[in-house]
Amino acid sequence: MNSAVDSFNQCLDEIYLKLNQQEAARVTRMQEIMPPLGNILRQITQHEWAEPFMKPVDVIGLGLHDYYQVIEKPMDFSTMKTKMEARDGTGYKNILEFCADVRLIFNNTIKYNDERDDVHIMANFLLNKFEEKWSQISPKVDEEEKRRRDEEFEMQYHIIQLAQEAAHVKMARDLTF
């Protein structure tokens, strides 16, 4: 039975080692992606038309009484910044969530405002600018997301194997007592 327990512990150690190696590699790869993404965000938020998108919409001050009936999930760059800095698990889990919120900022504006309104035109322009810049780094992000999913699947497979091994160890222990 000791060999079964030893085998189980060795398998567990290998999984922990692999997880740590994968996480270290993922962090390194993300560090390569983040500077270009940061540059894109800076270009968008420093654009002369970015001001309306920097803070939450002042629904009361602007008299937008139906805003929350039209817009299900308000978003702005200050809210995104808060999510980026969150350390309590409420932050972004990956770059695609982050990009979805950038799009949401502009798509909310486009949805709520008439196409002739300045803010609609500004949102459309900045969204197109974002998409143009994003298209330059999205292949790398897509590759990273695929790699992350594959690694996650592989870890789940190893965890299932480990659970089976644990069941065998337990059965062997139960039979010896």
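Nothing here was measured: the structure is a model prediction, and the numbers come from that model.

Novice: Can you break down the overall build of the protein chain residue by residue, with the values?
Specialist: Tallying secondary structure elements over the protein chain gives 5 helices and 0 strands in all. Start at the N end of the protein chain and walk to the C end: the helices and strands fall as α-α-α-α-α. Expected size for 177 residues packed as a compact globule is a radius of gyration near 16 Å; at 24 Å, the protein chain overshoots this value by more than 25%. Overall, the C-alpha framework of the protein chain stretches about 80 × 35 × 25 Å when taken along its three principal axes. In the protein chain, once contacts between residues fewer than 6 apart in sequence are set aside, the share between residues at least 24 apart is 71%.

Novice: Just give me the short version of the layout of surface pockets, but keep the residues and values in it.
Specialist: Unfilled space is identified by rolling a water-sized probe across the atoms. Taken as a whole, the second largest pocket spans an internal volume of roughly 290 Å³. Residue lining of the second largest pocket: 17 residues in total, with Val57, Tyr67, Thr109, Asn113 and Val119 positioned closest to the centre. Ranked by residues supplied to the lining of the second largest pocket, first place goes to helix 4 (residues 95-112) with 4 residues. Across the lining of the second largest pocket, the residue classes tally to 11 nonpolar, 3 polar and 3 charged.

Novice: Explain the packing of helix 4 against helix 5 (residues 118-176) to me, using residue names and the numbers behind them.
Specialist: Any two packed helices are characterised by how steeply their axes cross, that is the angle between the axes, and by the distance between the axes. Remark: helix 4 packs on helix 5, axes separated minimally by 9 Å, with the N-to-C direction vectors making an angle of 165°. The angle between the axes of helix 4 and helix 5 places the two elements in the roughly antiparallel class. Crossing of helix 4 over helix 5 shows left-handed handedness. Across the interface between the two elements, Ile95, Leu96, Cys99, Val102, Arg103, Phe106, Asn107, Thr109 and Ile110 of helix 4 pack against Val119, His120, Ala123, Asn124, Leu126, Leu127, Phe130, Glu131, Trp134, Val141 and Glu145 of helix 5. Among the residues making up the contact of helix 4 with helix 5, the classes are represented as 13 nonpolar, 4 polar and 3 charged.

Novice: Quick rundown of the packing of aromatic side chains? Include the residues and the values.
Specialist: Throughout the structure, instances matching the rule amount to 6 aromatic pairs. Aromatic pair Phe130 and Trp134: ring centres 6.2 Å apart, planes at 10°, arrangement stacked. Remark: Trp134 and Phe130 occur in helix 5; sequence separation between them is 4 residues, near one turn of the helix. Classification of Trp134 by relative accessible area gives buried; the value is 6%. An aromatic cluster is built from Phe53, Phe77 and Phe106, whose rings are joined through pairwise contacts.

Novice: Can you tell me about the environment of Val169, naming the residues and giving the values?
Specialist: With respect to the helices, strands and loops of the structure, Val169 is situated in helix 5. Residue Val169 is classed as buried on the basis of its relative accessible area of 7%. Measuring from C-alpha to C-alpha, the distance between Val169 and Ser3 comes to 9.4 Å, with 166 residues separating the pair along the chain.

Novice: Can you lay out the packing of helix 3 (residues 77-85) against helix 4 for me, pointing to particular residues and giving the numbers?
Specialist: Helix 4 packs onto helix 3 with a crossing angle of 165° between their chain directions and a minimal axis gap of 10 Å. The pairing of helix 3 with helix 4 is recorded here as roughly antiparallel in orientation. The two elements helix 3 and helix 4 meet at a crossing, and its hand is right-handed. Where helix 3 abuts helix 4, its residues Phe77, Met80, Lys83 and Met84 lie against Phe98, Asp101, Val102, Ile105 and Phe106. Across the contact of helix 3 with helix 4, the residue classes tally to 7 nonpolar, no polar and 2 charged.

The rules we used
- Residues numbered from 1 in each chain as written.
- Predicted model: local features only at pLDDT ≥ 70, side-chain atom pairs only at ≥ 80, totals over all residues.
- Heavy atoms only, no water.
- Helix = DSSP H or I, 4+ residues; strand = E, 2+ residues; numbered from the N terminus.
- Rg over C-alpha atoms; globule rule 2.2 N^0.38 Å.
- Contact = heavy atoms within 4.5 Å.
- 1 Å grid on protein atoms, 1.4 Å probe; cavity = no way out; pocket = protein on both sides within 12 Å on 5 of 7 lines; lining within 4 Å.
- Points joined across faces, edges and corners; volume = space filled by probe spheres on them.
- Nonpolar A, V, L, I, M, F, W, Y, C, P; charged D, E, K, R; others polar.
- Axes fitted to C-alpha atoms, helices over the stretch in contact; angles between N-to-C directions.
- Parallel < 35°, antiparallel > 145°, perpendicular 65-115°, else oblique.
- Left-handed = near helix turned anticlockwise from the far one by under 90°.
- Phe/Tyr/Trp six-rings, centres within 6.5 Å; stacked < 30°, edge-to-face > 60°.
- Buried < 20%, exposed > 50% of the residue type's maximum accessible area, 1.4 Å probe, protein only.

That's the geometry; what it means functionally is another story.
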